[in-house]
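Listed here are the chains, written in short residue letters.
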Amino acid sequence: MPASAPPKTYRVKSFGCQMNVYDGERMAELLAEQGLTAAPENADADLVVLNTCHIREKAAEKVYSDIGRLRREDGSTPLIAVAGCVAQAEGEEIMARAPSVKMVVGPQAYHRLPEMVREAAAGRPSTDTDMPAETKFASLPARRRSGPTAFLTVQEGCDKFCTYCVVPYTRGAEVSRPFADLIDEAHRLVDSGAREITLLGQNVNAWTGEDAKGRAIGLDGLIRELAALPDLARIRYTTSHPNDMTAGLIEAHAVEPKLMPFLHLPVQSGSDRVLRAMNRSHTSDSYLRILEQVRAVRPDIALSGDFIVGFPGETDAEFAETLRLVDTVGYAQCFSFKYSPRPGTPAATMDGQIAPEVMDERLQRLQAALNRDQLAFNRASVGKTCEVLVERRGKRPGQWLGKSPWLQSVHFTGEAAIGDLVRVELLEAGPNSISGQPVAMAAA
Ligand code: SAM
Ligand code: SF4
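These remarks concern the structure in this document. On a predicted model such as this, the values are computed, not experimentally measured, just so you know. In this convention, every chain numbers its residues from 1, walking through the sequence in written order. The order in which chains are written sets their letters, starting at A; the order in which ligands are written sets their numbers, starting at 1. Confidence filtering applies because this is a predicted model: local features only for residues at pLDDT of at least 70, side-chain atom pairs given and counted only at 80 or more, and all residues used for totals across whole chains, interfaces and linings. For the side-chain quantities, the full set of heavy atoms in the structure was used; hydrogens and water were omitted.

## Remarks on the overall build of the chain
Turning to step 1, where the next piece is worked out: By the criteria applied, helices consist of DSSP H or I runs no shorter than four residues and strands consist of E runs no shorter than two, each listed in order from the N terminus. Scanning the chain for helices and strands turns up 15 helices and 21 strands.
Turning to step 2, where the next piece is worked out: In this setup the radius of gyration rests on C-alpha atoms only. A globule is expected at 2.2 Å times the number of residues raised to 0.38. Relative to the compact-globule value of 22 Å for 444 residues, the chain shows a C-alpha radius of gyration of 23 Å, a close match.
Turning to step 3, where the next piece is worked out: On the principal axes, the C-alpha backbone points of the chain span a range of 65 × 60 × 50 Å.
Turning to step 4, where the next piece is worked out: Partly exposed describes any residue whose relative accessible area lies between the buried limit of under 20% and the exposed limit of over 50%, with all areas from a 1.4 Å probe on protein chains only and scaled to the type maximum. Residues counted as buried form 53% of the 444 residues belonging to the chain.
Turning to step 5, where the next piece is worked out: Any two residues having at least one pair of non-hydrogen atoms within 4.5 Å are treated as being in contact. Contacts in the chain between residues far apart in sequence, at least 24 positions, make up 71% of those at least 6 positions apart.
Turning to step 6, where the next piece is worked out: Surface accessibility follows the Shrake-Rupley procedure with a 1.4 Å probe radius. Residue values consider only the protein chains on display as shielding. In the structure as shown, the chain presents an accessible area of about 19,300 Å², 51% of it carried by carbon and sulfur atoms.
Turning to step 7, where the next piece is worked out: Only four residue types enter the tally: Lys and Arg on the positive side, Asp and Glu on the negative side; His and the chain ends are excluded. To locate a charge, take NZ of a lysine, CZ of an arginine, CG of an aspartate or CD of a glutamate. Between the centroid of the 50 positive side chains of the chain and the centroid of its 57 negative side chains there is a distance of 3 Å.

See below:
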């Protein structure tokens, strides 16, 4: 490959989960530290990093079409790096299928990106999909990000091996980042304007560590320590696994006012036979009992979950059990997916793969039920007054957009600034957002 001029501008495009968004921000910070500047929206960039997701088929296919679209009118391309879980899963095959890609870097190796960029610009493409446990975070520069909401990855990887899922293969074994590093990163985020931090992990509630006094703590202990940061107003965490939902974490929802009343707890299916085949190690009943305990200590909690329809062998009756579970819970919002066979996972070769049209029909019915419940949850909020954390300006003059404690999108018009916590009366609810007015104005 011929050498090219070292890149001056970059763009990082992240697909998939919030952990990828976090990784994308960290890669941008690494590149900025090397003196590269972010290319303005819609402008050509010298270096493009596609930070990919492998959880479902379409996400990987989308990456290849994105690579194709990066070709310029004169036939040239920017320097292209493929990062994230597709990079981990497919490795060098990516360069064979898309020769314009010059760097392939897995989620545990992206701290090496600057070096790989230098090599690629000198005409030497490279792949790094190593999985050293701690090196990445230790080698990243201090956080630079600013804004009222921030992600903080506290835990990575997964040892649960659900039979449909690639995460244990692409992200590796479960690793908790050290307490001191997290407190340090949280301080930096708050100092640069974060008022809300969302703690991230593939199984975030599996986080364990030792506090400053050497005592063993879990996620609830970490939340308590973070809540002591005076300028941090809100704490959230995602994604949790039902088996790691400790009594301490449930209790934290009762006693810690900065912990927002929102719990994302994936269940995947309402059928115990399907859950066993998925290797989920919880039943629909044990899952519902956890939700009852959380609701007992925090009655207004907004519940969220993930569902997979059309897992191999799922019968109509088993799918009906999923719909019944949805009716029982009354979720505030949810993610639902058609099962996607992932190469190398046990479920991909199971008997009873479900026809696409059956999956489509089940997904539509499930989403209709989830949408109904989301609207009902939003409508039940009308009349409440709550704090809204202002995240950005709306389209109309004087309009602001932010989030309620229950993670609903709220828009209102009035005096505010990004990062403010404004008391808002919720007036009118749609399926995806709620309109409100600041309470001072309501009283006027
Ligand atoms: N660790 C979390 C848990 O198990 O509760 C979920 C993390 S996973 C990255 C996010 C979601 O993607 C899963 O909850 C599941 O619903 C979905 N997912 C994972 N593998 C899938 C597959 N092969 N097909 C469809 N959806 C899948
Ligand atoms: Fe994937 Fe979550 Fe299961 Fe781990 S627990 S294998 S991340 S679905």
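Okay, back to it.
## Observations concerning the environment of leucine 47
Turning to step 1, where the next piece is worked out: Its location among the elements puts leucine 47 in strand 3 (residues 47–52).
Turning to step 2, where the next piece is worked out: Looking at leucine 47, the relative accessible area reads 0%, which means it is buried.
Turning to step 3, where the next piece is worked out: Each C-alpha atom of the pair leucine 47 and proline 7 lies 6.0 Å from the other, and the pair is 40 residues apart in sequence.
Turning to step 4, where the next piece is worked out: If near-sequence neighbours (up to four positions away) are discounted, leucine 47 is found in contact with Pro7, Thr9, Tyr10, Arg11, Leu31, Leu36, Pro78, Leu79, Met103 and Val117.

## A short note on helix 12 (residues 284–297)
Turning to step 1, where the next piece is worked out: A helix is expected to reach a length of 1.5 Å times the quantity of its residues less one. Over its 14 residues, helix 12 runs 21 Å from end to end, which matches the ideal 20 Å to within 8%, given 1.5 Å per residue.
Turning to step 2, where the next piece is worked out: Considered for burial, the residues of helix 12 that qualify are Ser284, Tyr287, Leu288, Ile290, Leu291 and Val294. The buried side chains of helix 12 occupy one side of the element, clustering within an arc of 155° when seen end-on. Of the exposed residues in helix 12, the ones pointing more than 90 degrees away from its buried face are Glu292 and Ala296.
Turning to step 3, where the next piece is worked out: On its buried face, helix 12 sits against helix 10 (247–255), strand 14 (262–264), helix 11 (272–277), strand 15 (302–309) and helix 13 (316–329). By definition, the arc is the one covered by directions from the helix axis to the C-beta atoms.

## Section: the packing of helix 8 (residues 179–191) against helix 9 (residues 219–227)
Turning to step 1, where the next piece is worked out: The contact between helix 8 and helix 9 brings their axes to 11 Å, and the two run at 35°. The two elements helix 8 and helix 9 cross, and the hand of that crossing is right-handed. The residues of helix 9 that touch helix 8, namely those facing Phe179, Leu182, Ile183 and Ala186, are Leu222, Glu225 and Leu226. With axes taken as lines fitted to C-alpha atoms, and helix axes fitted only over the stretch in contact, angles between N-to-C directions fall between 0 and 180 degrees. In this scheme the crossing of two helices becomes right-handed for a clockwise turn of the near helix relative to the far one and left-handed for an anticlockwise turn of less than a right angle.

## Considering the site of ligand 2
Turning to step 1, where the next piece is worked out: For this description, a residue counts as near a given molecule or strand if any of its non-hydrogen atoms is within 4 Å of it. Taken together, Cys158, Lys160, Phe161, Cys162, Tyr164, Cys165, Val167, Pro168, Asn203, His241 and Arg280 make up the full set of residues near ligand 2.
Turning to step 2, where the next piece is worked out: Each residue is assigned to one class: nonpolar for Ala, Val, Leu, Ile, Met, Phe, Trp, Tyr, Cys and Pro, charged for Asp, Glu, Lys and Arg, and polar for all the others, Gly among them. Classifying every residue of the shell around ligand 2 by side-chain character gives 7 nonpolar, 2 polar and 2 charged.

## Examining the pairing of strand 21 (residues 433–438)
Consecutive side chains along a regular strand alternate between the two faces of the sheet.
Turning to step 1, where the next piece is worked out: The pairing of strand 19 (residues 409–413) with strand 21 spans 4 bridges and is classified as parallel. Following the sheet pairing, valine 410 is matched in strand 21 by isoleucine 434.
Turning to step 2, where the next piece is worked out: Only strands that DSSP links by at least two bridges are regarded as paired with each other. Relative to strand 21, strand 20 (residues 421–429) runs antiparallel, the two being bridged by 5 bridges. Looking across to strand 21, one finds that alanine 429 is bridged to isoleucine 434.

## Comments concerning the site of ligand 1
Turning to step 1, where the next piece is worked out: Taken together, the neighbourhood of ligand 1 is formed by 19 residues, with Gln202, Gln268, Arg280, Asp306 and Ser340 sitting nearest.
Turning to step 2, where the next piece is worked out: Of all the elements in the fold, those that place two or more residues in the shell around ligand 1 are strand 15 and strand 16 (333–338).
Turning to step 3, where the next piece is worked out: Here the shell around ligand 1 is composed, by residue class, of 7 nonpolar, 7 polar and 5 charged.

## Thoughts on the nonpolar core
Turning to step 1, where the next piece is worked out: Grouped together as the largest cluster of nonpolar side chains are 78 residues, with contacts concentrated most on Leu199, Leu219, Leu222, Tyr237 and Tyr331.
Turning to step 2, where the next piece is worked out: When sequence neighbours within four positions are dropped, the list of residues in contact with leucine 219 reads Val154, Leu199, Val204, Asn205, Trp207, Tyr237 and Leu249.
Turning to step 3, where the next piece is worked out: The criterion is simple. A nonpolar core is a set of buried Ala, Val, Leu, Ile, Met, Phe, Trp, Tyr and Cys residues joined through side-chain atoms within 4.5 Å. Grouped together as the second largest cluster of nonpolar side chains are 20 residues, Phe15, Ala59, Ala60 and Ile94 included.

## Thoughts on the environment of histidine 264
Turning to step 1, where the next piece is worked out: Structurally, the position occupied by histidine 264 is in strand 14.
Turning to step 2, where the next piece is worked out: On the accessibility criterion, histidine 264 (5% relative accessible area) is buried.
Turning to step 3, where the next piece is worked out: The spatial distance from the C-alpha of histidine 264 to the C-alpha of histidine 241 is 8.9 Å, given a sequence separation of 23 residues.
Turning to step 4, where the next piece is worked out: Not counting the four nearest positions on each side in its chain, histidine 264 is found in contact with Thr238, Thr239, Ser240, Ser304, Gly305, Asp306 and Phe335.
Turning to step 5, where the next piece is worked out: Polar contacts, as counted here, are pairs of nitrogen or oxygen atoms within 3.5 Å of one another; within protein the pair requires one atom able to donate a hydrogen and one able to accept it, and residues that are adjacent in sequence qualify only if both atoms are side-chain atoms. There is a polar contact of 2.6 Å between the side chain of histidine 264 and the side chain of serine 304.
Turning to step 6, where the next piece is worked out: In this structure the side chain of histidine 264 is engaged in a polar contact, spanning 3.0 Å, whose partner is the side chain of aspartate 306.

## Some words on unusual backbone geometry
Turning to step 1, where the next piece is worked out: For the bond running from threonine 238 to threonine 239, omega is 0°, close enough to zero to count as cis.
Turning to step 2, where the next piece is worked out: Tracing the sequence through the fold places threonine 239 in the loop between strand 13 (234–238) and helix 10.
Turning to step 3, where the next piece is worked out: Phi at asparagine 279 takes a positive value of approximately 60°, unusual for a residue other than glycine.
Turning to step 4, where the next piece is worked out: Within the fold, asparagine 279 resides in the loop between helix 11 and helix 12.

## Section: the sheet that holds strand 1 (residues 9–14)
Turning to step 1, where the next piece is worked out: One open sheet accounts for 6 strands, arranged 2-1-3-4-5-6; its pairing is parallel. Because the sheet does not close on itself, it has two edges, and the strands there are strand 2 (37–38) and strand 6 (126–128).
Turning to step 2, where the next piece is worked out: Taken together, the 2 bridges between strand 1 and strand 2 define a ladder with parallel strand orientation. Opposite threonine 9, over in strand 2, you have threonine 37 as the bridge partner.
Turning to step 3, where the next piece is worked out: Helix 2 (residues 57–69) contacts strand 1, strand 3, strand 4 (79–83) and strand 5 (101–105) of the sheet and is inclined by roughly 170° relative to strand 3.

## Quick word on helix 1 (residues 18–33)
Turning to step 1, where the next piece is worked out: An ideal rise of 1.5 Å per residue puts 22 Å on 16 residues; helix 1 measures up with 23 Å between its terminal C-alpha atoms.
Turning to step 2, where the next piece is worked out: What helix 1 keeps buried is the set Met19, Asn20, Tyr22, Asp23, Gly24, Glu25, Arg26, Met27, Ala28, Glu29, Leu30 and Leu31.

These values are about where atoms sit, not about what they do.
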